[in-house]
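Letter by letter, the chains look like this.
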Amino acid sequence: HNPAIAAFWLPAFERAARWAARTERARRADLAVVCVHAELKGSAYFPAPGGPFRLDARADRIDRLADGRVAIVDIKTGSPPAKTAMEDGREPQMPLEAAIMRHGGFDALVDLETAELAIWRVGGQAAGKIVEISGDKAAAAADLAWANLQRIVFAYDDVTIPYLSEPRGAAGYSDYRGLARLSDEVEESA
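Per chain, residues are indexed from 1 in the order of the written sequence. Local features in this predicted model are restricted to residues whose pLDDT is 70 or higher, and side-chain atom pairs enter the listing and the counts only when it is 80 or higher, whereas totals over whole chains, interfaces and linings include all residues. Only hydrogens and water are set aside when side-chain values are computed; all heavy atoms of the structure are taken into account.

Let us now look at the packing of aromatic side chains. The criterion for an aromatic pair is that two Phe, Tyr or Trp rings (for Trp, the six-membered ring) have centres within 6.5 Å, with stacked assigned to planes under 30 degrees apart, edge-to-face to planes over 60 apart and tilted to the rest. Within this structure, the stated rule accounts for five aromatic pairs. One aromatic cluster in this structure is built from Phe 8, Trp 9 and Phe 13.

Written out as structure tokens, the structure reads:
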């Protein structure tokens with residue numbers, strides 16, 4: 001126990017804890033949360049050219065709502081992604097968890113509609129921040145992430161598509177060029 005470290009970090013922890021408790025009380029009332037599940041494992045499958053593909057995830061938290069839907073929550077200490085990045089497919093983690101809920105399930109929670117995807121950033125100067133998408137935007141983000149995942153898996157399963165070690169072209173020295181098994185002709189032109 002170092003008193004100097006404790007003096008530095010304790011106020012930040014207390015500020016984050018107060019924010020989380022206050023936010024949690026308000027959120028549970030607003031969304032009519034009836035049950036909170038933590039660290040749930042989930043998976044969903046789809047047929048692919050190389051055989052069935054399984055996507056696995058572990059959700060930090062899934063809240064069952066009074067209306068039968070769920071809210072999926074991820075908790076981070078670092079910077080959360082932008083809301084638009086979740087919506088447009090650049091940050092697919094949370095939308096893919098919603099897709100798993102729809103196409104497979106998390107433990108005992110199966111085939112439920114996702115009312116909200118929320119990322120809680122706990123800590124920092126503001127004590128906390130929530131980035132969330134809900135309703136139709138959450139459903140559209142889940143559909144987009146699921147379609148993009150299928151597209152990528154289908155491309156990887158296509159034997160006619162090469163796996164390029166340097167898809168943007170050679171840019172000087174590369175740690176990976178020697179592992180790429182390029183032909184001598186390609187090596188000499190790089």
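After presenting the structure, the write-up continues.
Three labels apply to residues, based on accessible area from a 1.4 Å probe with only protein chains included: buried if under 20% of the type maximum, exposed if over 50%, partly exposed otherwise in between. Runs of H or I in DSSP of at least four residues are treated as helices and runs of E of at least two as strands, each being numbered from the N terminus. In terms of residue burial, strand S3 (residues 70-76) counts as a mostly covered element, since five of its seven residues are buried. By the bridge criterion, four bridges tie strand S2 (residues 53-65) to S3 in an arrangement that is antiparallel. Bridge pairing links Ile 62 to Ile 72 in S3. Connecting S2 to the antiparallel partner S3 that follows it, the hairpin turn spans four residues, and Gly 68 within it adopts a positive phi of roughly 95°. Strand pairing is defined by DSSP finding a minimum of two bridges between the two strands. Bridging between S3 and strand S6 (residues 114-122) involves seven bridges; their strand directions are parallel. By the bridge assignment, Val 70 is partnered in S6 with Thr 114.

Attention now goes to the pattern of salt bridges. Whenever Lys or Arg places a side-chain nitrogen within 4 Å of a carboxyl oxygen from Asp or Glu, that contact is recorded as a salt bridge. In total, this model carries eleven salt bridges according to the counting rule given. A salt bridge links Asp 143 to Arg 102; the nearest nitrogen and oxygen atoms lie 2.1 Å apart. Remark: Arg 102 occurs in helix H3 (residues 93-103) and Asp 143 occurs in helix H4 (residues 135-157); sequence separation between them is 41 residues. Overall, Arg 102 belongs to the partly exposed group, its relative accessible area being 32%. Taken together, the salt bridges that share partners define one network made up of Glu 24, Arg 27, Arg 28, Arg 61, Asp 63 and Glu 116.

Glancing now at a positive patch on the surface. On the surface, Arg 15, Arg 18, Arg 22 and Arg 25 cluster together into a positively charged patch. Locating Arg 25 in the fold gives a position in helix H1 (residues 3-31). On the basis of relative accessibility, which here comes to 59%, the residue Arg 25 falls in the exposed class. By definition, no residue in a patch forms a salt bridge, and every one has over 30% relative accessible area; like charges are joined within 9 Å, nonpolar side chains (Val, Leu, Ile, Met, Phe, Trp, Tyr) within 5 Å. Reported accessibility uses the Shrake-Rupley method at a 1.4 Å probe radius. Residues are deemed covered only where the shown protein chains occlude them. In this tally, Lys and Arg are treated as positive and Asp and Glu as negative; His is ignored, and so are the chain termini. Lysine's charge is taken at NZ, arginine's at CZ, aspartate's at CG and glutamate's at CD.

We now examine the nonpolar core. The set of buried Ala, Val, Leu, Ile, Met, Phe, Trp, Tyr and Cys residues whose side-chain atoms join them within 4.5 Å is what this entry labels a nonpolar core. In terms of nonpolar packing, the biggest core is built from 30 residues, with Ile 62, Ile 72, Met 101, Phe 106, Leu 117, Trp 146 and Leu 149 touching the most fellow members. Elements with a minimum of two residues in this core: strand S1 (33-46), S2, S3, H3, S6, strand S7 (128-134) and H4. Among the elements that make up this core, the one with the highest residue count is H4 (seven residues). The contact criterion used throughout is that any non-hydrogen atoms of two residues lie within 4.5 Å. Dropping the residues within four chain positions of it, Leu 117 is found in contact with Ile 72, Met 86, Met 94, Pro 95, Ala 98, Val 131, Glu 132, Ile 133 and Ala 138. Core analysis: the next-biggest nonpolar cluster, separate from the first, contains five residues, Trp 19, Val 73, Trp 120 and Ala 127 among them.

A few words on the sheet that holds strand S4 (residues 104-106). Overall, mixed pairing links the seven strands, which are arranged S5-S4-S1-S2-S3-S6-S7 in an open sheet. Looking at strand neighbours, the two that pair on one side only are strand S5 (109-110) and S7, the edges of this open sheet. Sitting on the sheet, H3 is in contact with S1, S2, S3, S4, S5 and S6, with an inclination near 110° to S4. In this description, a line fitted to the C-alpha atoms serves as the axis of each element, helices being fitted only across the stretch in contact, and the angle between N-to-C directions of two axes falls anywhere from 0 to 180 degrees.

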